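Breakdown of the fold
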Amino acid sequence: MKTMVFSDGFEGHVLRSLARIKKRERGERLRAERIITFADPLHMLECLTAQRIRLCQVVRTKRLSISALAEELGRNRGSVTRDVNKLKKYGLLRLREEANPGHGVVQIVEPIAKKFELRTEV
């Protein structure tokens, strides 16, 4: 499933929804997709910092625990945890629990989609 991120607010959301409705009325199949819309490009930039984008790039190539991800990125575990939680809140990442033999359960960070598209429409 593809995830697209827009910063065109409610108006853009309405236009995309109307386009999807027209496709359905014509009998076209719609591909499954996840769309995240920010009300303002500044909100998008606040969420998608350089470090968070780097984090997403690493997670796309390998599924890691938060501790292993922090080590891979050369960052503080607390900072990575905050970034993962912020990206999870916006629907860009998810956490999956996995058994860690002899140590209980570990949370593995995974991307929601294989491909992300960032678009700003003016």
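Scroll up for the structure.
A brief report on the enclosed structure follows. (Residues numbered from 1 in each chain as written. Predicted model: local features only at pLDDT ≥ 70, side-chain atom pairs only at ≥ 80, totals over all residues. Heavy atoms only, no water.)

With respect to the nonpolar core
Across soluble globular proteins, nonpolar side chains have a tendency to be buried as a group. The condition that has to hold: To define a nonpolar core, start from buried Ala, Val, Leu, Ile, Met, Phe, Trp, Tyr and Cys residues and group those joined through side-chain atoms within 4.5 Å. Exposed residues in this analysis have more than 50% of their type's maximum accessible area, buried residues have under 20%, and partly exposed residues fall in between, with area computed by a 1.4 Å probe over protein chains only. Every residue pair with non-hydrogen atoms within 4.5 Å of one another is taken to be in contact.
Core analysis: the biggest nonpolar cluster contains 21 residues, and Leu55, Leu69, Val80 and Leu87 have the highest contact counts within it. Residues contacting Val80, with those up to four places away along its chain left out, are Leu55, Ile66, Leu69, Ala70, Leu73 and Arg75.

What to know about the packing of aromatic side chains
Selection rule: Any Phe, Tyr or Trp ring, taking Trp's six-membered ring, that has another such ring centre within 6.5 Å forms a pair; planes under 30 degrees apart are called stacked, those over 60 apart edge-to-face, and the others tilted. Think of it as a cone above the ring: NZ of Lys or CZ of Arg counts as a charge over the ring if it is within 6 Å of the ring centre and within 35 degrees of the ring normal.
Summed over the entire model, instances satisfying the criterion amount to 0 aromatic pairs. The ring of Phe6 carries Arg16 above its face, with NZ or CZ at 3.8 Å from the centroid.

A look at the packing of helix α3 (residues 50–61) against helix α4 (residues 66–73)
The test is simple: Note on geometry: axes are C-alpha line fits, over the in-contact stretch for helices, and angles between N-to-C directions span 0 to 180 degrees. Secondary structure follows DSSP: runs of H or I at least 4 residues long count as helices, runs of E at least 2 residues long count as strands, and numbering of each begins at the N terminus. Note on terminology: angles under 35 degrees are roughly parallel, angles over 145 are roughly antiparallel, angles of 65 to 115 are roughly perpendicular, and the others are oblique. Handedness of a helix crossing follows the sense of rotation of the near helix relative to the far helix, less than a right angle counterclockwise being left-handed and clockwise being right-handed. The residue classification treats Ala, Val, Leu, Ile, Met, Phe, Trp, Tyr, Cys and Pro as nonpolar and Asp, Glu, Lys and Arg as charged. All others, Gly included, are polar.
It is the contact of α3 with α4, at a shortest axis distance of 11 Å, that shows an interaxial angle of 115°. The angle between α3 and α4 places the two elements in the roughly perpendicular class. Between α3 and α4 lies a crossing of right-handed hand. Contacts from Arg54, Leu55, Val58 and Val59 of α3 reach α4 at Leu69, Glu72 and Leu73. A class-by-class count of the residues in the contact of α3 with α4 yields 5 nonpolar, no polar and 2 charged.

A word on the pattern of salt bridges
Definition in use: Salt bridges, as used here, are contacts in which a Lys or Arg side-chain nitrogen is within 4 Å of a carboxyl oxygen on Asp or Glu.
Using the criterion set out here, one finds 9 salt bridges in the structure. For the salt bridge of Asp8 with Arg16, the shortest nitrogen-to-oxygen distance reads 2.7 Å. The same class applies to Asp8 and to Arg16, which are both buried. A salt bridge links Arg94 to Glu110; its shortest N-O distance comes to 3.2 Å. Here the residue Arg94 occupies a position in strand β4 (residues 93–100), and Glu110 occupies one in strand β5 (residues 104–111), the gap between them amounting to 16 residues. Look at Arg94 and you get partly exposed, because its relative accessible area is 40%. Assessed through its relative accessible area of 11%, Glu110 is described here as buried. Three or more residues joined by partner-sharing salt bridges are found here, namely Arg94, Arg96, Glu98 and Glu110.

Regarding the side chain of Arg16
Within the secondary structure layout, Arg16 lies in helix α1 (residues 9–25). Here Arg16 falls in the buried class, since its relative accessible area comes to 17%. Aside from chain neighbours lying at most four places away, what touches Arg16 is Phe6, Asp8, Ile35 and Thr37.

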